[in-house]
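# Close look at the chain arrangement
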Amino acid sequence: GPAPGRLPAAAGDEGPLEGGPPDHSYSLSSGTTSEELLRKLNEQRDIIALLEVKMKEMKGSIRRLRLAEAQLREEIREKDRLLHAASAGTRKRHGL
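Quick notes on the rules
- Residues numbered from 1 in each chain as written.
- Predicted model: local features only at pLDDT ≥ 70, side-chain atom pairs only at ≥ 80, totals over all residues.
- Heavy atoms only, no water.
- Helix = DSSP H or I, 4+ residues; strand = E, 2+ residues; numbered from the N terminus.
- Buried < 20%, exposed > 50% of the residue type's maximum accessible area, 1.4 Å probe, protein only.
- Contact = heavy atoms within 4.5 Å.
- Areas by Shrake-Rupley, 256 points an atom, 1.4 Å probe, with all protein chains shown as cover.
- Patch = residues over 30% accessible without salt bridge, like charges linked within 9 Å, V, L, I, M, F, W, Y side chains within 5 Å.
- Salt bridge = Lys/Arg side-chain N within 4 Å of Asp/Glu carboxyl O.
- Lys, Arg positive; Asp, Glu negative; His and termini not counted.
- Charge placed at Lys NZ, Arg CZ, Asp CG, Glu CD.
- Expected span 1.5 Å × (residues − 1).

## A closer look at the overall build of the protein
The secondary structure content of the protein amounts to 1 helix and 0 strands. Evaluated residue by residue, the protein yields a buried proportion of 6% over its 96 residues. Across the protein, every contact between residues at least 6 apart in sequence was considered, and the portion connecting residues at least 24 apart equals 42%. When the accessible surface of the protein is split by element, carbon and sulfur atoms take 59% of a total near 8500 Å².

## Focus on a positive patch on the surface
Taken together, the side chains of Lys56, Lys59, Arg63 and Arg64 present a region of like positive charge at the surface. Among the structural elements, Lys59 can be located in helix H1 (residues 34-93).

## Here's the deal with H1
An α-helical segment advances 3.6 residues per turn. Residues three or four places apart therefore align on the same side. The terminal C-alpha atoms of H1 lie 87 Å apart, and with 60 residues this matches the ideal 88 Å at 1.5 Å per residue to within 8%. Within H1, burial applies to Ser34, Leu38, Asn42 and Gly60.

## Focus: the pattern of salt bridges
Pairing between side chains of opposite charge can happen when the charged atoms of each approach one another. The final tally for this structure, using the stated rule, is 5 salt bridges. The shortest N-O distance in the salt bridge between Arg39 and Glu43 comes to 2.8 Å. In this pair, Arg39 and Glu43 both sit in helix H1, 4 residues apart, roughly one turn of the helix. The partly exposed category is assigned to Arg39, whose relative accessible area is 43%. Residue classification places Glu43 among the partly exposed residues on the basis of a relative accessible area of 38%. The residue Arg81 makes a salt bridge to Glu78 at a minimum N-O spacing of 2.7 Å. With Arg81 and Glu78 both in helix H1 and 3 residues apart, this pair spans about one turn of that helix. Its relative accessible area of 47% is what places Arg81 among the partly exposed residues. Residue classification places Glu78 among the partly exposed positions, given a relative accessible area of 34%.

Here you go:
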């Protein structure tokens, strides 16, 4: 049977659809059957489902990158603070 979320092709629904000539690469010809339309629809749903999974993965990656960025920025602030403190101590010792 069809996979969950897929529309089954209805029996006797296979006559060509009315329509003019296609004006875009994604337009359908006037001879497209309901079965072909359902197949194309299900293909598009599969693509959308895959893209949703990829989007969730990318959101997780972005979250991890933001955390890593925050940690690196904190390390830089700490090193800058230490450098500034060491630099101030050196200037005092040499009377600058």
